[in-house]
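# Structural overview for review
So the chains spell out like this:
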Amino acid sequence: MRKQLLFTAMIFNSLLWSQSPGGVSANLQIWVKADAGTNTTVDNTQVAIWNNQRSGGINGIANQGMPGYYADPGVSARPVYRTATSIPNFNFNPAIEITSTNQYRSGYKFPGGFPDNTTNALTSYTFLTRTASATYRSVFVMNGVTRNSNVSPIAGVWQSPFFGTRTNRPEFYNEKESGDVFFGTNTINTVNTQFPSIQSFYNELSGGNMNYFFDNNALAFGNPSNNVSSTSNYPGMVLLMDNDGGSGSSSLEGDRIGEFILYSGTQTAVERQSVNSYLAVKYGITLQQPLNYIASDKTTVTWNSGLNTSFNNNIFGMAKDDDTALNQVVTNSVNQNNNSMLIVSTTNDFVSANNAAGRTSFSQDKTFLIMGDNNNQSLTLLNYGIAPGKIIQRTWLAQKTNDTGSSWLQANLTNYTSIVATDKLYMIVADNSGLSQNVQFIPATSFTGGKAVFNYSFPANKYFTFGTNIQTYCTKDPVTGTPNSMTKFGITGLREILPNWPTNIPNGFIALESKDKGFVITRTTSANIAVPVEGMLIFDTTDNCFKLYNGTSWNCIIRSCND
């Protein structure tokens, strides 16, 4: 028994150690995130130690209350844990918030966080808000004593190099190599807002030089203004959300960070794509398009940006990916222009945190339900079907990987003032963006305060939108007159046959009757039918519906209008 327990523990530990951001573990040094390793889940509670999720990695220590070369705001100014429900735009995930008003000391130090090795490269990802447009606000600083002018192991003055923002532009400073440099000409449009982004400083080998680069949400900002390249590594201490001691530094008070990832090396384009995909799905961020989202195995495409490029907007989704410790089960897009209109969850709960008790995870690893929309912001409703049916102009595309089961959706329609409380709300689901092929009408389970709730199991990739007062089927008056034919063939399960049966049944080919028997047609999947024939019927055991082959495609038979 002891050997079995030891073997089980070894397997469990190896699974834990194998987890890494986006499944990329090579050269990982620091991985801290607010939903793990904080030793608290209570709002506004200080986080003195931020535990590194890399096995054997150096933990982050709050700088406040540590003696140094500059004014110390004291332990009362240590960063605090903020719950998901107390802050906006972190996609139901918590964050660490900077509280110090001191322009220098604010965040965490990782003693020995960057190894003393031969690399002269790094790759970083920081998911954070930059709530003010100030002169200079750092993201992280390489404070190793070997190369910088601070000879003390305590955070000091003029650390080198450091990475951050000046006003709304990304900036890199390295007193040993380059001085101040900007990246490209783009600006970070989320600076001075409550909206976060994925800021990534990294090196990449180009023409024999280890050049510096910056991406924001996977948008490349271009080369640094003086084309500086890294000539040395900076082993030793890493400072996170902690300004340098130079003139012009600004307080980081109010900034929030969800995750910080630091590698001691370069990464391939696919590795960067995988880490960015992990962060984007977890935090509801739309990466620069066109760009596929991929799972931690680097091969599974969870969002195919080429499927319909009109829907590469406001991308978000639910996911279970064990190798990257991703378990996002309630989600929305946090893009500024999305108005947080749609929330999707595995349960009928659109308020609680992602890690709240009662949340339900997908049962299978590498399961994803990712959505994007056409970004149509018009609030004018369009006519749809038979009057008075109308739909909103924004449409979504849902892409699924593996069985996502039953999903709950809440559409906040309060901005559509022509939709009133007495309207009947529907979710319209179809195979095409024009919402005309294989259409399904899903009635709202509730409609209160302008928010409509729906429950639906996505059988495959589907387009959908929301509408009011949709006439989901129609009826026709029966044809009057004398039948032109009678049924001649019948099968009955009754002991006594009624007089003239089945010839008393007009306009039929075959009549079946029974009081305790059912009619069973072929149960299979449309994919198993090698040579379908127009008019063929089956019960599709995958999509759980009767399907008819119309000569071109298989479609579920639904109640609808045939005019």
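Below is a summary of the structure that appears in this document.

Rules used throughout
Residues numbered from 1 in each chain as written. Predicted model: local features only at pLDDT ≥ 70, side-chain atom pairs only at ≥ 80, totals over all residues. Heavy atoms only, no water. Pairing = 2+ DSSP bridges. Helix = DSSP H or I, 4+ residues; strand = E, 2+ residues; numbered from the N terminus. Disulfide = S-S within 2.5 Å. Buried < 20%, exposed > 50% of the residue type's maximum accessible area, 1.4 Å probe, protein only.

### Description of the sheet that holds strand β40 (residues 554-556)
- In space, the four strands of this open sheet follow the order β37-β38-β39-β40, with mixed pairing throughout. Of all strands in the sheet, those with a lone pairing partner are β37 (523-524) and β40, marking the two edges.
- Bridge analysis of strand β39 (residues 545-549) against β40 gives three bridges, and the strand direction is antiparallel. Bridge assignment links Lys-547 to a residue of β40, and that residue is Cys-556.

### Considering the state of the cysteines
- A complete count under the given rule lists one disulfide for this structure.
- Put simply, Cys-545 and Cys-556 are joined by a disulfide, and their sulfur atoms are 2.1 Å apart. Between Cys-545 and Cys-556, the disulfide has an S-S torsion of -60° and is therefore left-handed. Taken together, the positions of Cys-545 in strand β39 and Cys-556 in strand β40 put the pair eleven residues apart, joining distant regions of the chain. Comparing Cys-545 with Cys-556, the two get one shared label, buried.

### Things to note about the environment of Ser-25
- Within the element layout of this structure, Ser-25 appears in the loop between α1 (2-18) and β1 (28-33).
- Along the sequence, Ser-25 and Glu-271 sit 246 residues apart, while their C-alpha atoms lie 9.8 Å from each other.

### Description of the pairing of strand β10 (residues 162-166)
- Counted residue by residue, β10 has four buried out of five residues, so it is predominantly covered.
- The pairing of strand β9 (residues 137-142) with β10 spans four bridges and is antiparallel. The residue bridging Arg-137 from the neighbouring strand is Thr-165, located in β10.
- Bridge analysis of β10 against strand β11 (residues 169-174) gives five bridges, and the strand direction is antiparallel. For Phe-162, the partnering residue across the bridge sits in β11 and is Tyr-173.
- The turn linking β10 back onto β11 is made up of two residues, and Thr-167 within it adopts a positive phi angle of 50°.

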